[in-house]
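Listed below, chain by chain, are the residues.
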Amino acid sequence: MQREFLDFEADIQAIVQRIEALTGYPDSHRAEIAGLERELLRRRERIYAGLTPWQRVRVARHPERPYSLDYVNRIFTGFTEIHGDRRYADDPAVIGGPAWLAGAPVMVIGQQKGRDTAERIHRNYGMPRPEGYRKALRLMKMAEKFGRPVIALVDTPGAFPGIEAEERGQAEAIARNLREMARLDVPVVVAIIGEGGSGGALGIAVGDRILMMENAIYSVISPEGCAAILWKDPERAHAATEEAAARMRVTAPEHLRNGLIDEIVPEPPGGAHTDHDGAAELLGERLRFALRDVAAGSPADRREARYRKFRDMGNFGLEEAPSRTARDSSAPVDKGAAGGGTAGYRPANTG
Amino acid sequence: MSTSEGRGNPGASGDSRPGPQVPQGLFVRCEGCSEIIYGRALRENLEVCPRCDFHLRLGARERIEMLVDEGVYREISADIRSNDPLRFRDRVEYRDRLSKGAEKTGLDDAVIVVRAEIERTPVVLAVMEYAFIGGSMGVVVGEQITRAVETACEARVPLIVVSCSGGARMQEGALSLMQMAKISSALAVLDDAGLPYISVLTHPTTGGVTASYAMLGDMNLAEPGALIGFAGPRVIRQTIRGELPPGFQRSEFLLRHGMLDRVVHRRDLRGALGSFLRFMYEPAEAAASVEKDAAATVHTAPEPALVRTAR
């Protein structure tokens with residue numbers, strides 16, 4: 001049963017508590033409990049159908065939301081965690097290892113948050129250090145060597161902003177992952193399961209299919225960070241944060257509309273945190289389907305499709321600018337010969 | 001020099017520099033030593049403080065003219081601009097920020113892409129303009145730099161990107177974030193093609209720009225004293241609830257931690273690029289002959305249409 005309730009879940013909390021009070025006497029109250037459970041489902045469906053972007057952010061960060069290992073243990077069989085980046089350390093904010101999805105071997109990688117205080121600190125609140133990205137890449141290259149697909153589960157507030165993370169090249173670690181994931185020879189299926197926090201999320205999120213859980217978020221900066229930088233108004237920081245969450249379009253439906261993700265994975269009514277098994281079943285089915293789909297093509301075709309997919313992201317945000325003439329150092333020349341066009345362009349690595 | 005872009009007013013925050021129309025300040029206060037410097041002396045010293053060697057920010061066009069042979073280049077930036085895809089506003093409309101940036105810089109967004117030669121090696125050169133919304137990377141910068149990479153691939157010439165940016169552009173949300181993946185994917189193609197990419201990091205280069213193309217050079221060079229990092233110092237200070245060590249996230253710090261190939265003084269940058277390019281690259285026969293043709297026609301960079309090789 002759900003233990004922690006968000007402010008907009010007050011109605012749900014009342015019913016859950018009523019049900020719990022009655023479960024001590026199941027025989028005499030069976031009918032009442034059944035009625036309350038129907039009512040609970042109705043309320044959850046109604047509340048969750050109308051979540052604001054900021055409420056979605058709250059759900060994505062819900063302390064009872066399933067984390068990577070909750071999904072891995074339910075969706076995959078035979079998962080055995082392996083450790084270390086072979087350069088400096090093992091980062092507990094990233095987990096990974098061989099596992100079997102519907103009987104087929106895959107490399108599963110995930111960003112991992114902690115459930116209780118001790119584990120949260122151990123997992124660094126799901127904020128990877130450079131070692132985490134380097135471990136992820138090591139595992140991906142291993143998967144590539146043995147021809148196994150990669151499944152990446154994204155759930156991080158962001159890459160860790162700390163002194164030692166900068167010293168060891170946080171930026172370089174993420175950058176390298178972006179470039180190397182773009183050219184992996186094996187299928188890569190990504191699922192944003194909770195928080196997709198900026199470059200720290202993207203660092204394991206370049207793939208052939210990008211799935212996103214219904215109540216997950218994906219954002220270039222946290223709404224709090226955006227509000228602090230752009231609104232600069234500590235007096236109404238909370239209102240600005242809510243507004244930033246809405247303005248930056250952080251929710252799954254917005255990303256689907258904008259072509260940044262391929263599909264939304266539905267969650268159980270009331271959110272994934274109310275039913276880990278149900279959420280895992282829904283995600284597992286979509287992962288299997290996505291993997292079957294992308295594994296069908298040749299490696300070269302897949303890489304080219306992956307390239308095109310990211311190559312075109314955000315292009316609907318471009319418009320033609322009035323030509324500015326005489327920008328060259330010498331006399332104006334025909335810009336048509338400049339070779340900047342992309343029509344018919346083929347990446348050299350897939351020819 | 002075709003522009004009088006950007007000097008002076010160093011006391012204010014980064015993007016408050018005067019536009020091309022504003023007359024040069026006769027005197028400028030150095031951000032490094034706070035001394036008042038004669039503007040002309042500063043310009044003649046490539047905007048490096050003659051007293052303390054502080055590297056002041058350079059406008060994109062000045063940077064290009066400083067780097068390329070005889071100051072000769074051919075702009076190949078696409079005629080594109082942002083259509084404000086998220087219809088974003090905070091306390092200010094994003095559209096207003098865009099027009100203000102355009103007014104201030106004479107550019108459509110925060111980057112200029114050119115073809116030119118550096119010490120006789122033909123290159124595609126992309127230079128970021130900090131005065132345009134803090135050099136932030138949105139869909140336009142993403143597309144311009146991706147096209148720069150693709151042009152380098154098609155023409156089989158080296159790529160140089162000079163970064164100067166606060167990171168991804170919040171006003172375009174996750175579309176900006178994805179430009180990191182987009183450009184990095186293109187760089188994978190360039191890398192597979194065996195073509196050189198030199199990244200030059202200047203003050204400041206942070207956030208999503210550092211965590212993508214700025215750190216992916218075959219060589220990563222930086223100007224002295226440049227702030228370079230993933231997270232900004234303010235965020236890190238908040239996270240650790242303490243002070244940052246002196247010199248943290250400056251070029252020399254990154255060099256010490258193995259993240260840069262070299263820290264290069266501005267006056268030596270062109271020479272360093274030329275030398276590294278000669279090490280990394282020999283023009284293909286076709287390109288070489290075009291280069292000779294180009295050299296014959298004064299003040300024109302090689303024609304990319306002719307350089308393009310069949311693959």
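The following refers to the structure shown. (Residues numbered from 1 in each chain as written. Chains lettered and ligands numbered in written order. Predicted model: local features only at pLDDT ≥ 70, side-chain atom pairs only at ≥ 80, totals over all residues. Heavy atoms only, no water.)

**So, the overall build of chain A**
Step number 1: In terms of regular secondary structure, chain A is built from 14 helices and eight strands.
Step number 2: For chain A, the C-alpha radius of gyration of 23 Å lies close to 20 Å, the compact-globule estimate for 351 residues.
Step number 3: The buried share among the 351 residues of chain A stands at 56%.
Step number 4: Considering only intrachain contacts with a sequence separation of at least 6, the fraction spanning at least 24 residues in chain A is 72%.
Step number 5: Roughly 14,300 Å² of accessible area belongs to chain A as shown, and the carbon and sulfur atoms make up 51% of that amount. (Helix = DSSP H or I, 4+ residues; strand = E, 2+ residues; numbered from the N terminus. Rg over C-alpha atoms; globule rule 2.2 N^0.38 Å. Buried < 20%, exposed > 50% of the residue type's maximum accessible area, 1.4 Å probe, protein only. Contact = heavy atoms within 4.5 Å. Areas by Shrake-Rupley, 256 points an atom, 1.4 Å probe, with all protein chains shown as cover.)

**Let's talk about the interface of chain B and chain A**
Step number 1: In this assembly, 84 residues from chain B lie in contact with 76 residues from chain A.
Step number 2: Summed over the shared surface of chain B and chain A, the result is six salt bridges.
Step number 3: Where B:Asp192 meets A:Arg303, a salt bridge forms, and the shortest distance between an N and an O atom there is 3.6 Å.
Step number 4: On the surface where chain B and chain A come into contact, there are 21 residue pairs in polar contact (both at pLDDT 80 or more). (Salt bridge = Lys/Arg side-chain N within 4 Å of Asp/Glu carboxyl O. Polar contact = N/O pair within 3.5 Å; in protein donor to acceptor, adjacent residues only side chain to side chain.)

**Brief notes about helix α8 (residues 170–182) of chain A**
Because the α-helix completes a turn every 3.6 residues, residues three or four places apart line up on one side.
Residues and elements named next belong to chain A.
Step number 1: Compared with an ideal rise of 1.5 Å per residue, which puts 13 residues at 18 Å, α8 spans 19 Å between its outermost C-alpha atoms and is within 8% of the ideal.
Step number 2: The element α8 is extensively covered by neighbouring structure, given that twelve of its 13 residues are classed as buried.
Step number 3: Every buried residue belonging to α8 is among Gln170, Ala171, Glu172, Ala173, Ile174, Ala175, Asn177, Leu178, Arg179, Glu180, Met181 and Ala182, and all of these are buried. (Expected span 1.5 Å × (residues − 1).)

**With respect to the environment of A:Glu37**
All names here are of chain A.
Step number 1: Positionally, Glu37 belongs in helix α2 (residues 26–49).
Step number 2: Given a relative accessible area of 41%, Glu37 falls into the partly exposed group.
Step number 3: Separated by 189 residues in sequence, Glu37 and Cys226 place their C-alpha atoms 40 Å apart.

**Some remarks on the side chain of B:His265**
Residues and elements named next belong to chain B.
Step number 1: Tracing the sequence through the fold places His265 in the loop between β11 (262–263) and α9 (266–280).
Step number 2: Judged by its relative accessible area of 12%, His265 falls in the buried class.
Step number 3: Of note is the side chain of His265, whose polar atom sits 3.0 Å from the side chain of Asp53.
Step number 4: The residues touching His265, leaving out its near neighbours within four places in the chain, are Val48, Asp53, His55 and Pro224.

**Comments concerning the pairing of strand β1 (residues 94–101) of chain A**
All names here are of chain A.
Step number 1: Buried residues dominate β1, accounting for six of its eight residues.
Step number 2: The sheet contact formed by β1 and strand β2 (residues 104–111) spans eight bridges and is antiparallel. Residue pairing for β2: Gly96 is matched across the bridge by Ile109.
Step number 3: The antiparallel pairing of β1 with β2 creates a hairpin that spans two residues between the two strands, and Ala102 there sits at a positive phi of about 50°. (Pairing = 2+ DSSP bridges.)

**Overview of the packing of aromatic side chains**
Step number 1: One pass over the full model with this rule turns up four aromatic pairs over all chains.
Step number 2: Taken together, a centroid distance of 6.3 Å and an interplanar angle of 65° make the contact between A:Trp231 and B:Phe88 edge-to-face. Of the two residues, A:Trp231 is situated in helix α10 (residues 223–231) and B:Phe88 in the loop between β4 (80–82) and α3 (94–105); the pairing between them involves two chains. Residue A:Trp231 shares its accessibility class with B:Phe88, and that shared class is buried.
Step number 3: We note A:Arg129 situated over the ring of A:Phe160; from NZ or CZ to the ring centre the distance is 4.6 Å.
Step number 4: Above the plane of the ring of A:Phe289 lies A:Arg286, whose end atom (NZ or CZ) is 4.9 Å from the centre. (Phe/Tyr/Trp six-rings, centres within 6.5 Å; stacked < 30°, edge-to-face > 60°. Lys NZ or Arg CZ within 6 Å of the ring centre and 35° of its normal.)

**Some thoughts on the pattern of salt bridges**
Step number 1: Evaluated as defined, the whole model comprises 58 salt bridges over all chains.
Step number 2: For the salt bridge of B:Asp192 with A:Arg183, the shortest nitrogen-to-oxygen distance reads 2.8 Å. Pair noted here: B:Asp192 is in helix α5 (residues 173–192) and A:Arg183 is in the loop between α8 and β4 (188–197), and the two residues belong to different chains.
Step number 3: Look at B:Asp192 and you get partly exposed, because its relative accessible area is 37%.
Step number 4: Relative accessible area serves as the criterion here: at 13%, A:Arg183 is assigned to the buried category.
Step number 5: Of the charged contacts in the structure, one is a salt bridge between B:Lys182 and B:Glu143, with a shortest N-O distance of 2.6 Å. Note that B:Lys182 is positioned in helix α5 and B:Glu143 in helix α4 (residues 139–155), a separation of 39 residues in sequence.
Step number 6: Judged by relative accessible area, which is 2%, B:Glu143 ranks as buried.

**Some thoughts on helix α4 (residues 68–75) of chain A**
Residue and element names in this part refer to chain A.
Step number 1: Burial runs high along α4: six of the eight residues are buried.
Step number 2: Within α4, burial applies to Ser68, Leu69, Asp70, Tyr71, Val72 and Ile75.
Step number 3: On the buried face of α4, the contacting elements are β1, β2, β3 (150–156), β4, β5 (209–213) and α13 (276–295).

**With respect to the packing of α10(A) against helix α11 (residues 237–247) of chain A**
All names here are of chain A.
Step number 1: Running from amino to carboxyl end, α10 crosses α11 at an angle of 105°, the nearest separation of the two axes being 8 Å. It follows that α10 is roughly perpendicular to α11 by the angle criterion. When α10 is examined against α11, the residues Pro223, Glu224, Cys226, Ala227 and Trp231 are found in contact with a partner set consisting of Ala240, Thr241, Glu243, Ala244, Ala245 and Arg247.
Step number 2: Classifying every residue of the contact of α10 with α11 gives seven nonpolar, one polar and three charged. (Axes fitted to C-alpha atoms, helices over the stretch in contact; angles between N-to-C directions. Parallel < 35°, antiparallel > 145°, perpendicular 65-115°, else oblique. Nonpolar A, V, L, I, M, F, W, Y, C, P; charged D, E, K, R; others polar.)

**Re a nonpolar patch on the surface**
Step number 1: On the surface, B:Leu26, B:Phe27, B:Ile36 and B:Tyr38 cluster together to form a nonpolar patch covering roughly 430 Å² of accessible area.
Step number 2: On the secondary structure map, B:Phe27 appears in strand β1 (residues 27–29). (Patch = residues over 30% accessible without salt bridge, like charges linked within 9 Å, V, L, I, M, F, W, Y side chains within 5 Å.)

**Thoughts on the side chain of A:Lys113**
Residue and element names in this part refer to chain A.
Step number 1: Structurally, the position occupied by Lys113 is in the loop between β2 and α5 (117–122).
Step number 2: Among the residues examined, Lys113 registers a relative accessible area of 9% and is labelled buried.
Step number 3: Separated by 2.7 Å, the side chains of Lys113 and Glu195 make a polar contact.
Step number 4: If sequence neighbours within four positions are ignored, Lys113 has contacts with Ala60, Tyr67, Glu119, Arg123, Tyr125, Gly126, Asp155, Pro157 and Glu195.

**Thoughts on the environment of B:Ser199**
Residue and element names in this part refer to chain B.
Step number 1: Turning to its location among the elements, Ser199 is positioned in strand β8 (residues 197–206).
Step number 2: Residues Ser199 and Ile160 lie 39 residues apart in sequence; the distance between their C-alpha atoms is 5.9 Å.
Step number 3: Ignoring sequence-local partners within four residues, the contact set of Ser199 consists of Val161, Tyr213, Ala214, Gly217, Met219, Asn220 and Leu221.

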